[in-house]
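Here is how the chains run, residue by residue.
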Amino acid sequence: MRPRCPPTSPWCRCKTPRAARRRRRREAANPPPSTRCSWTGTKTTTRTDPSQVGGDDIQKESRPFILDSNMEAYNGKNMALFEEEMDSTPMVSSLLNKLANYTNLTQGVREHEEAEDGFRRIAVTVPPMGTFIGVYLPCMQNILGVILFLRLTWIVGTAGILGSFAIVSMCCICTLLTAISMSAIATNGVVPAGGSYYMISRSLGPEFGGAVGLCFYLGTTFAGSLYILGTIEILLTYIVPTATLFEAESLEGQGTAAKNTVRVYGTCCLLLMALIVFVGVKYVNKLALVFLACVMLSIMATYAGVIKTLIQPPEFNVCLLGNRSLTNDKFEVCAKTEVENNQTVTTQLWRLFCSSEHLNATCDDYFTLNNVSEIRAVPGFHSGVIKDNLWGDYGPAGMVIEKKRQGSVAAEDTSGDVYKPYVFNDMATYFTLLVGIYFPSVTGIMAGSNRSGNLRDAQRSIPFGTIMAIVTTSVFYISCVLLFGACIEGVVLRDKFGDSVKKNPVIGILAWPSPWVIVIGSFFSCCGAGLQSLTGAPRLLQAIARDGIIPFLQIFGHSKANGEPTWALLLTVAICEIGILIASLDDVAPILSMFFLMCYLFVNLACAVQTLLRTPNWRPRFKFYHWSLSFLGMSLCVSLMFISSWYYALVAMVIAGCIYKYIEYRGAQTEWGDGLRGLSLNAARYALIRLEESPPHTKNWRPQLLVLCKLDSHLAVKHPRLLSFTTQLKAGKGLTIVCSVLHGTYMTRGAHAKTAEQNLKAVMAAERTKGFSHVVVSSNLRDGFSLLIQSAGLGGMKHNAVLMAWPACWKQARDSSSRRNFIETVRETTEAHQALLVAKNIDHFPGNQDRLEGGRIDVWWIVHDGGLLMLLPFLITQHKVWKKCQMRIFTVAQMDDNSIQMKKDLQMFLYHLRLDAEVEVVEMHDSDISAFTYEKTLVMEQRSQMLKQMQLSRTEREREAQLIHDRNTASHSTKEDKASVGTPDRVHMTWTKDKLISERNKHREGMGVKDMFNMKPEWENL
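Reading guide: rules and limits
- Residues numbered from 1 in each chain as written.
- Predicted model: local features only at pLDDT ≥ 70, side-chain atom pairs only at ≥ 80, totals over all residues.
- Heavy atoms only, no water.
- Helix = DSSP H or I, 4+ residues; strand = E, 2+ residues; numbered from the N terminus.
- Buried < 20%, exposed > 50% of the residue type's maximum accessible area, 1.4 Å probe, protein only.
- Contact = heavy atoms within 4.5 Å.
- Areas by Shrake-Rupley, 256 points an atom, 1.4 Å probe, with all protein chains shown as cover.
- pLDDT = per-residue confidence, 0-100.
- Polar contact = N/O pair within 3.5 Å; in protein donor to acceptor, adjacent residues only side chain to side chain.
- Disulfide = S-S within 2.5 Å.
- Expected span 1.5 Å × (residues − 1).
- Lys, Arg positive; Asp, Glu negative; His and termini not counted.
- Salt bridge = Lys/Arg side-chain N within 4 Å of Asp/Glu carboxyl O.

K.L.:
What is the right way to look at the overall build of the chain in this model?
P.N.:
Within the chain, the regular secondary structure consists of 34 helices and 17 strands. Within the chain, buried positions represent 46% of all 1022 residues. For the chain, the share of sequence-separated contacts (at least 6 apart) that also reach a separation of at least 24 residues comes to 78%. Total accessible area on the chain stands at roughly 53,400 Å², and carbon and sulfur atoms take up 57% of it.

K.L.:
Would you mind going over the confidence of the model for the chain with me for this structure?
P.N.:
As a general rule, the predicted coordinates of low-pLDDT regions are not to be interpreted in detail. Residues at a pLDDT of 70 or more form 75% of the chain, whose mean pLDDT is 79. In the model, residues 971-993 has pLDDT below 50 throughout and makes 20 contacts with residues more than four positions away in sequence or in other chains.

K.L.:
Looking at this structure, I do not really get helix α27 (residues 781-791). What am I missing?
P.N.:
For an α-helix the count is 3.6 residues per turn, leaving residues at separations of three or four pointing the same way. Along α27, the residues that are buried comprise Gly784, Phe785, Ser786, Leu788 and Ile789. Residues of α27 that are buried sit in contact with β10 (705-708), β11 (736-743), β12 (772-778) and α28 (817-831). The opening residue of α27, the one whose side-chain oxygen lies 3.1 Å from the backbone nitrogen of arginine 782, is asparagine 780. Residue glycine 793 follows α27 closely and has a positive phi angle near 95°.

K.L.:
Can you help me understand the state of the cysteines in this one?
P.N.:
Simply put, disulfide is the name for a covalent bond between the sulfur atoms of two cysteines. Applying the stated criterion to the full structure yields 2 disulfides. With a sulfur-sulfur separation of 1.9 Å, cysteine 319 is cross-linked through a disulfide to cysteine 334. Here the disulfide of cysteine 319 and cysteine 334 is right-handed, its torsion about the S-S bond being about 85°. With cysteine 319 in strand β5 (residues 317-321) and cysteine 334 in the loop between β6 (324-325) and β7 (337-340), the pair connects residues that are 15 residues apart, well separated along the chain. What makes cysteine 319 buried here is its relative accessible area of 2%. Each sulfur in the disulfide pair cysteine 354 and cysteine 363 lies 1.8 Å from the other. Disulfide cysteine 354-cysteine 363: torsion about the S-S bond near 100°, hence right-handed. With respect to burial, cysteine 354 and cysteine 363 carry one shared label: buried. Here cysteine 215 is not cross-linked by a disulfide; its sulfur's nearest cysteine counterpart is in cysteine 599, at 8.6 Å.

K.L.:
What should I look at first to understand helix α19 (residues 515-547) in this one?
P.N.:
For α19, spanning 33 residues, the distance from its first C-alpha to its last is 48 Å, which sits close to the expected 48 Å at 1.5 Å a residue. In terms of residue burial, α19 counts as a mostly covered element, since 26 of its 33 residues are buried. With its phi angle positive at about 75°, glycine 548 sits one or two positions after the end of α19.

K.L.:
Explain the side chain of lysine 420 here, please?
P.N.:
In this structure, lysine 420 sits in the loop between β9 (372-376) and α15 (431-438). One buried charged residue, lysine 420, remains without a salt bridge, the closest side chain of opposite sign being aspartate 364 at 4.3 Å. Discounting residues that sit within four places of it in the chain, lysine 420 has contacts with Leu352, Phe353 and Asp364.

As structure tokens, then:
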């Protein structure tokens, strides 16, 4: 038990009154000059006045603890080893201190500031941040941006309140589901510089990571273009509208002149921001709090304006001609005429629609037929305008903005409307366009996960701060949709640039106390967001380049001495200039949406894959996730991509696909234990289990090769052309196992086996042979090959054919082991019911780089073998080496056979097999044809016909076939024994020509060689 200390002890600060603590704090701040205490670890050093101690003698405590005898010397001194922050620092002071250190820069972007003190350098470190400062505020600042101030009111007026609810809900749900998946990934480890790129690459592999990382980089870069275009739009539209550089000679050229002005100012602004980032991000860091304050003040001014409308609506009016909205920057009085000195005179509005200022002037038809009225731009929350703004009002480009439910008289001639001061749609509007324009306003959810290394408790702060920021901004956006639709007139909402309210931003006329609060706040907010994009994008590219997965990006991994990625910044500025040259915020926003949606899609995919695989390393602290939510987020991302712009979506997917294939082609050397590798293992396991359930059908049959290679004394492959032939035969399809056997024991030659396996892999890579390699060590080469023939493969993926080279110089060899090994391999392959392919003179076979111009592949089809001899040359001709070779089939006939009919039958047989080949029938004498040919053919065909006639089940058929085979083998061996005893000089076959003729006459169902070609293939297996 801990002993209780007296109330005056400095160790019992929590037990003493607050006044006593304050008194001791003041005493500790101003200690007497004779005694100063300093703590280092657990040792205490007491420095006394030099006047009391001669020379440099310093007294030190001999014990790490304070004795009771010395307790009085420390009374009143602040020596607490730990104290709560709220006990020493008031809440307001602590909050202000944290806000002073606030930064919106990602991890790895902080300036390497150094202060030199003599020859010693002191590194400036950033204190760990909590949830509010480190995650919540950065996410809020990144989410609330240019679209809120410049386009949200226009979206509400065009899509209506219900349509805007749908747009905001889809986008916010998408980001919320992505944030849940991102929180699970981010809490499964520390996320260093790179943010989403790091999460995706370590979860889905370098191919997906590089592709999506570059897409996210492009999205961040185009975000910089978006914010710069927003800055220039605010500057030229609301702050300095007269600062135009190009004047249009006609009305049709006004759009081009305005875009050229935006391009010039945007380029200058981009260069200025790039210069600030190049000089040092510490300046951006110092302005982060100013930019955040601008956003918060603008939001508070908006809500304050809504509250003020309940008391008194703002003094902003809209002038209507009939039901058409007018731009009121060229006239002051909203009337056709006015009375001055008891005389009726025309107004400035009259002069805009009439040929002169006189009352008898010729005026526009619509102006003559309709009256001029003035309504409030912000009628207020209780005005009932929400009913008019409930539904959308889409239209083509150039359409005049009109007020709903207000009558007007249409004019016959509307050709001159474009020259009148009406408010027009500057672009065609439809629902999907608005989705693409709005989505960038919900991006920025990864601002917290990008700085996980700077957080005090990243496992808790990232999920809670990110989700709370998304919920807060979602509630804010939904409330803005409702408040804008309930307070502002519909014709004003559809006025994108505020032409009908004297060139004020529409959200500005609602704000209190002045529209300039929104103008200045949005201007600095866009400037800050642009600087942050130009700061974060080069570091993201630098992180991708330093991973080395994309070789041509390696130059962008270099940086200055202080860590600034100079080359990456130059590329970012160049790409950002492309967005500036587009010169339209509405055209850049869908491009930005595509790249961010692509990134969010793969974040959800990474979480879903890791969750379904249940890998042991997948242990996120955040538990409120599920794979179904991730798949829902994926589907929502894909839907939003094609809803926003289907052609932009295809372009983004093509870019990501090209990068993926490039990384796959070059071969990423990194191994991060990604989820796709685990997914491949699970899929392979599932496929092997399914293959094991039932044997493969004849339609799916293809040669699965076991290639037996020989190694020389240096463990190099003796016949590399054997692997070339394997590549030409397989063309990367099916199973290929390349094996070899070393003589000895594994204890002594284990290292040699690994070296030989590496040599096999190297030759396979050189010959482009796709498959597996394996080297075993055996005390006997024959036993080793036998072991490979029996056990190679796994489950249903086992070989059904063995490929080997013909033994070289076996006649001249003194050692007969080579011949015996070859013969035993042939026997064991036959016993295993596998096909045997023996390549003779394999070193003279063409290589993969050769091209055979013409030539023939000859097949001598003596025994009906199920079509294997037909299949092999067909597979070879599929390769580009043998593609121009012609297939030719030879068969043997007796002198009294009908050779012409046999050739026709064989051609028809090949036609049914869909094989193109020349057929040649070779007539031979009886003495040249082995009787064994008849025997083997008849035994096989009779067995097949008999089993079909018996109509047995598969199990019974196999049992009966085995019984027939055993009886024939036994009778054949018995007859051979008797013949060898009677006449040892002559060997009699079971089937001879005489016996064949007699059997054919006796039983009409008997078959001969020529009858074999009358067989038709089984149609269901073709």
